[in-house]
Every structure is written in structure tokens, then in C-alpha cells.
Amino acid sequence: MLLVAAGALLLASRPKPVAITILPPPLTATPPPTATPSPLQVYVTGAVVHPQQTYTLPPGSRVDDALQAAGGATDNADLTRINRAGFLRDGDQIHLPALGADDSGLPTPMGGAKVPINSASQSELETLPGIGPVTAARIINYRKQHGDFDDLDDLDEVSGIGPATLANLQDLITFD
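Draft legend 1. Representation of the sheet that holds strand β1 (residues 40-46) in the model. The sheet built from three strands is open, its strands ordered β2-β1-β3 with mixed pairing. In the strand order of this sheet, the two ends are held by β2 (53-57) and β3 (93-96), each with one partner. Strand-to-strand twist across the sheet, computed as the mean angle between neighbouring axes with direction ignored, equals 30°. Strand direction decides the pairing type here: β1 and β3, joined by four bridges, are parallel.

Draft legend 2. Up close: helix α4 (residues 133-146). With 14 residues, α4 extends 20 Å from end C-alpha to end C-alpha; this agrees with the ideal 20 Å at 1.5 Å per step. The set of residues buried in α4 consists of Thr 135, Ala 136, Ile 139, Ile 140, Tyr 142 and Arg 143. All buried residues of α4 fall inside an arc of 160° around its axis, so they share one side. Exposed and facing more than 90 degrees away from the buried side of α4 are Val 134, Lys 144 and Gln 145. On its buried face, α4 sits against α3 (122-125) and α5 (152-155). Residue Gly 147 follows α4 closely and has a positive phi angle near 90°.

Draft legend 3. Inspection of the packing of aromatic side chains at higher detail. On inspection of all chains with the given rule, the structure shows one aromatic pair. Ring geometry for Tyr 142 against Phe 149: centres 5.4 Å apart, planes inclined by 10°, an arrangement best described as stacked. Grouping residues by exposure puts Tyr 142 and Phe 149 together as buried. Sitting above the plane of the Phe 87 ring, Arg 62 keeps its charged end 3.9 Å from the centroid.

Draft legend 4. Region of interest: the environment of Asp 148. Its place among the elements puts Asp 148 in the loop between α4 and α5. Classification of Asp 148 by relative accessible area gives partly exposed; the value is 49%. Sequence-wise, Asp 148 and Asp 176 are 28 residues apart; in three dimensions their C-alpha atoms are separated by 8.5 Å. Non-local contacts of Asp 148, meaning those with residues more than four positions away in its chain, are made with Asn 118, Asp 154 and Asp 176.

Draft legend 5. Here's a closer look at the confidence of the model for the protein. In this model, the protein carries a mean pLDDT of 81, and residues with pLDDT of at least 70 account for 87%. When the elements of the protein are averaged for pLDDT, helix α1 (residues 2-12) gives the smallest value, 70, and helix α2 (residues 63-69) the largest, 94. Long-range and interchain partners of residues 105-111, a stretch whose pLDDT sits below 50, account for 18 contacts in this model, where long-range means more than four residues apart.

Draft legend 6. Focus on unusual backbone geometry. Even without a glycine there, the phi angle at Gln 52 is positive, about 55°. With respect to the secondary-structure elements, Gln 52 resides in the loop between β1 and β2.

Draft legend 7. Fine view of the pattern of salt bridges. Counted by the stated rule, this structure contains one salt bridge. A salt bridge links Asp 64 to Arg 84, with the nearest nitrogen and oxygen atoms 2.9 Å apart. Here the residue Asp 64 occupies a position in helix α2, and Arg 84 occupies one in the loop between α2 and β3, the gap between them amounting to 20 residues. When its relative accessible area of 23% is taken as the criterion, Asp 64 is described as partly exposed. Of the residues examined, Arg 84 reaches a relative accessible area of 35% and is grouped as partly exposed.

Reading the values: rules and limits
- Residues numbered from 1 in each chain as written.
- Predicted model: local features only at pLDDT ≥ 70, side-chain atom pairs only at ≥ 80, totals over all residues.
- Heavy atoms only, no water.
- Pairing = 2+ DSSP bridges.
- Helix = DSSP H or I, 4+ residues; strand = E, 2+ residues; numbered from the N terminus.
- Axes fitted to C-alpha atoms, helices over the stretch in contact; angles between N-to-C directions.
- Expected span 1.5 Å × (residues − 1).
- Buried < 20%, exposed > 50% of the residue type's maximum accessible area, 1.4 Å probe, protein only.
- Arc of directions from axis to C-beta.
- Contact = heavy atoms within 4.5 Å.
- Phe/Tyr/Trp six-rings, centres within 6.5 Å; stacked < 30°, edge-to-face > 60°.
- Lys NZ or Arg CZ within 6 Å of the ring centre and 35° of its normal.
- pLDDT = per-residue confidence, 0-100.
- Salt bridge = Lys/Arg side-chain N within 4 Å of Asp/Glu carboxyl O.

What follows is the structure, given as C-alpha cells:
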């Protein structure tokens, strides 16, 4: 009988089974798919081997890539009047002036007139390398709140503009 009592005591002191439920992690919103950048279409004119043609280039291309697509510069090209390292945007016209030519009135964002930072419109600001719609709007809003920019240091106060962008802009803008 002692044996039966010990067995009953052992069974009674055993822990009760616990049910474990495994729940899957909660569903999270998946980020929207990112757009694949489209190829760029640029129009190249001036002192290149194949001028006055439109070329299709990959996203992230530079002015020099457009010149190469147009067959390269001719012997009378004035390469000092354009920024060969500038980034291209879809729809840009790149004009490579000939030596001694007065092509100042041509619409070339990389080689034409400087952009007046204190009076430029949204679309004019967007022609500058590294300045998209959001940053252009920030420049305009900053001008409205704080007045004209006096120099590059003032422009550095705009959110989204840092040292690299300032270096790209210094020869392309004026403080009118």
C-alpha cells in the first residue's frame, strides 16, 4: 500500500501540461516598389562629330558621356566652356561651342549663363546639378523666409544642400 500511495503522490505532484501557441509575426506593410530609372534622352549640338542629334544614355550619365555618344569633340571644340563632369537630366541640350564662337544665348544648362540664385524660378533651379524639385522648393522657401543669399555659406543653410552640392554649384550660380 505504501507503494501505491507513493505512486499516487508522484502522479499528483507532476506539473500540469501547458499549451503553447506559436503565432506568426504581424504583417508589416511592404514598401512600394522603387521605380527603375528611365534612360535619358539628350540633344547634342555644336562642335561634336555627329551634332544635332538626340542620344539615349543610361541614368546617371554625365555631359562627357553625351559628347562621346555624339562621336566626341571636333578639333575646334572649346571644351573649357562646358562642365564635362556635370550630371545629365532627361531632356537636356548639350552644346559644345567652337573655339572663339559666341554661343552664350544657347540653352545649355552645363555651359550657358549662370543661374541667378536669388531670383531663379523653380524650373531654373532644377537645371542645376543635384537640385531636384524638393531642393528647389526649399531654396525658394528659404529665400522667402530669410531674404537673398549673399554667398555659398548662406546656401549651405538650406536643408538638403551640403558641401558636395555647393562645390558643384559654385561656378554655375550668381548671387544677384
